[in-house]
Each structure stands twice: as C-alpha cells, then as structure tokens.
Amino acid sequence: MSVLTTARFVVTAVEPSQLPRDGLPEVAFVGRSNAGKSTAINVLCNRRRLAFSSRTPGRTQALNCFAVGPPEQPIGYLIDTPGYGYAAAPLQVKRGWDQLAGQYLRQRQPLVGVVLLADVRRQLTELDLRLLDWVPASIPLAVALTKADKLNQADRQRALRDVLARLRELRGAAPTQALLFSATRRIGIEALVGTIEHWLVPADPVVTGGGGDAYDADEPSPEKPSERSDD
Ligand code: GDP
C-alpha cells in the first residue's frame, strides 16, 4: 500500500514561518483553479476529502500541509498550494499568491519535487508557464495532464507530445516528466504515486505499476492501447 494513503492534515500556512520545521522532504502540488488538483490529491492519497478546492477567489492564500508516513514519525509532507488563474481574483489576491507560493517554490529548502496539474484540454497556459519559471531546474517536476478521460486516445496523445516538447524547451535537461492523468478513469494514478514516493524516499525502487502511462521527457512511449477514451 502506498505511503500516501497515510496523509493527514497538519497545518495551513499563511506565511513561510508556519511551514513544518523538521526539514523533512516536501512535494508541492500546483495548478490553475479547476485543473483537478484537489481531486488528484485525494485520489493519490485514496481519500475522499483530504484536499478541497476553494471556489472563493478572494480567499486568503495559504499552503495546506499534509504529513505522510507513520503517525509518530512522518517521512515527508505534501504541500497543496492555492489554485491560480481566477479571472475575478482581486489584484491583491494574485499578488498574495505570487508572494507565498512563488517564494515557496523558488526558495523552499526541503522541496524535493513539484507536481503541476494542468487540464489536458488546455495544456500549459500562460500562467502555468509563468509558474514553471519559478521551479528551480534542480527540483524534479511532474506535469500531470488531468481529465485525460475528456479526450479521445489520439487527442490526448497529441496533447502529451506537445506538452513534452514544450517542457523540453523550457526545462532542458532538468528532471522533468509528464503523464496523462484521470481521477475518474484511473489513468496515471499509480505512476504518479510512484514518482512522488520516489521523491520522498529516494532509496526506494520506483513503483510505476501503471504500466506505461508515465513518460519521461526523454522517452515518450505509446499509451496502453486498452485504455478507453469515452467521456
Ligand atoms: P481544483 O480547483 O484544481 O482543486 O479542481 P477540482 O479537483 O475541484 O476539480 C475541478 C472539476 O474537475 C471538478 O468538477 C471535478 O469533478 C472535475 N475533475 C477533476 N478530475 C477529473 C477527472 O479526472 N476527470 C473528469 N472528467 N473530471 C475531473
């Protein structure tokens, strides 16, 4: 069973000083609002309502921290960042995002990996690209193209190829991968769990289990032909 199923809420940080202080590795989740980030976190942790999305653009910007590992001895944290890209968000909210999450991504010492969630139908938007600018080349990145069930096989493969090409341009040789993901059709879940576990516990063998729905930027490979592509 994945260690992510032990995830539990520990703290909401509205400023960096409130983040965990034990130096354990942290994996951050980022994405536009409505990209499917909360749904992804919940399905990765096999939980119903660990993370939930805020529909209120004016809400305080905060980082939600979840510990994983044995209760007395966590091995690391999952950090849920606020969704960005609310057209209606007041400027100070947008600035708050830049300040808190931007600073977190650029400077956080225990950060060992970033998962960017992006709707496969929109691919990487301007805001996603801006955000990627903040992820240091030394930090591994996994881009999960969410709601893959919304596209047919050919279209989702094309989207994945386009995103991989873009990521190569943007990140060069920096550790980067992209994968198709669907919470509802359970595409890419085990692969992403394996990646995150590997970031948190590098000595452990990577558990990909998903059988071909994860792609390294260097090695795109065909998707399992058996996956259905209906809505
Ligand atoms: P967040 O704002 O990024 O946290 O997004 P949510 O997780 O709240 O998801 C936004 C909407 O997308 C919700 O209506 C979800 O039910 C839907 N959604 C999330 N994941 C999937 C998926 O894999 N497939 C489909 N079809 N819809 C999804």
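My aim in this report is to walk through the structure given alongside it, one point at a time. (Residues numbered from 1 in each chain as written. Predicted model: local features only at pLDDT ≥ 70, side-chain atom pairs only at ≥ 80, totals over all residues. Heavy atoms only, no water.)

Some details on the pattern of salt bridges
- Scanning the model with the defined rule gives seven salt bridges in all.
- Where Glu-26 meets Arg-108, a salt bridge forms, and the shortest distance between an N and an O atom there is 2.6 Å. Of this pair, Glu-26 sits in strand E2 (residues 26-31) while Arg-108 sits in the loop between helix H2 (91-107) and strand E5 (111-119), and the two are 82 residues apart along the sequence. Comparing Glu-26 with Arg-108 shows no difference in burial state: the two are buried. (Salt bridge = Lys/Arg side-chain N within 4 Å of Asp/Glu carboxyl O. Helix = DSSP H or I, 4+ residues; strand = E, 2+ residues; numbered from the N terminus. Buried < 20%, exposed > 50% of the residue type's maximum accessible area, 1.4 Å probe, protein only.)

A look at the side chain of Glu-26
- The class of Glu-26 is buried, set by a relative accessible area of 1%.
- Setting aside its immediate chain neighbours within four residues, Glu-26 contacts Pro-20, Tyr-77, Ile-79, Tyr-104, Arg-108, Pro-110, Leu-111, Val-112 and Gly-113. (Contact = heavy atoms within 4.5 Å.)

Comments concerning the site of the ligand
- With respect to spatial proximity, 16 residues lie near the ligand, and among them Asn-34, Ser-38, Thr-39, Asp-149 and Ala-183 are the closest.
- One nitrogen or oxygen atom from the side chain of Ser-38 is found 2.5 Å from an oxygen atom belonging to the ligand.
- Contact with the protein chains removes 76% of the 580 Å² of surface that the ligand exposes when unbound.
- Partitioning the shell around the ligand into residue classes produces two nonpolar, eight polar and six charged. (Near = heavy atom within 4 Å. Polar contact = N/O pair within 3.5 Å; in protein donor to acceptor, adjacent residues only side chain to side chain. Areas by Shrake-Rupley, 256 points an atom, 1.4 Å probe, with all protein chains shown as cover. Nonpolar A, V, L, I, M, F, W, Y, C, P; charged D, E, K, R; others polar.)

Thoughts on helix H1 (residues 37-44)
- With seven of its eight residues buried, H1 lies for the most part within the structure.
- Buried residues of H1: Lys-37, Ser-38, Ala-40, Ile-41, Asn-42, Val-43 and Leu-44, and no others.
- Positioned one or two residues after H1, Asn-46 has a phi angle of 55°, which is positive.

Let's talk about the pairing of E5
- Counting buried positions over the nine residues of E5 gives eight, a clear majority of the element.
- Examined bridge by bridge, E2 and E5 share six bridges and lie parallel to one another. Of the residues in E5, the one forming a bridge with Phe-29 is Val-115.
- Bridging between E5 and strand E6 (residues 141-146) involves six bridges; their strand directions are parallel. Among the inter-strand pairings, Leu-116 is bridged to a residue of E6, identified as Val-143. (Pairing = 2+ DSSP bridges.)

Observations concerning unusual backbone geometry
- The backbone of Gln-123 sits at a positive phi, close to 55°, despite the residue not being glycine.
- Turning to its location among the elements, Gln-123 is positioned in the loop between E5 and helix H3 (126-133).
- What makes Gln-123 partly exposed here is its relative accessible area of 24%.
- The phi dihedral of Lys-147 falls on the positive side, at around 60°, and the residue is not glycine.
- Within the secondary structure layout, Lys-147 lies in the loop between E6 and helix H4 (153-171).

Focus on the packing of aromatic side chains
- What the rule picks out here adds up to three aromatic pairs.
- Here Tyr-84 and Trp-97 contribute two aromatic rings whose centre-to-centre distance is 5.1 Å and whose plane-to-plane angle is 75°, an arrangement assigned as edge-to-face. On the criterion of sequence distance, the pair formed by Tyr-84 in the loop between strand E4 (76-80) and H2 and Trp-97 in helix H2 is long-range, its members being 13 residues apart.
- Residue class for Tyr-84 comes out buried when judged on its relative accessible area of 7%. (Phe/Tyr/Trp six-rings, centres within 6.5 Å; stacked < 30°, edge-to-face > 60°.)

Some points on the environment of Val-114
- Within the element layout of this structure, Val-114 appears in strand E5.
- Separated by 29 residues in sequence, Val-114 and Val-143 have C-alpha atoms that sit 8.3 Å apart.
- Discounting chain neighbours no more than four positions away, the residues touching Val-114 are Ala-28, Val-30, Leu-105, Val-135, Ile-139, Pro-140, Leu-141, Ala-142 and Trp-199.

Considerations on the pairing of E2
- The buried fraction of E2 amounts to six of the six residues, a majority that puts the element mostly inside the structure.
- Going residue by residue along E2, you find Glu-26, Ala-28 and Val-30 tucked away on one face and Val-27, Phe-29 and Gly-31 tucked away on the opposite face as well.
- Pairing between E2 and E4: four bridges, direction parallel. Residue pairing in the sheet places Val-27 in a bridge with Leu-78 of E4.

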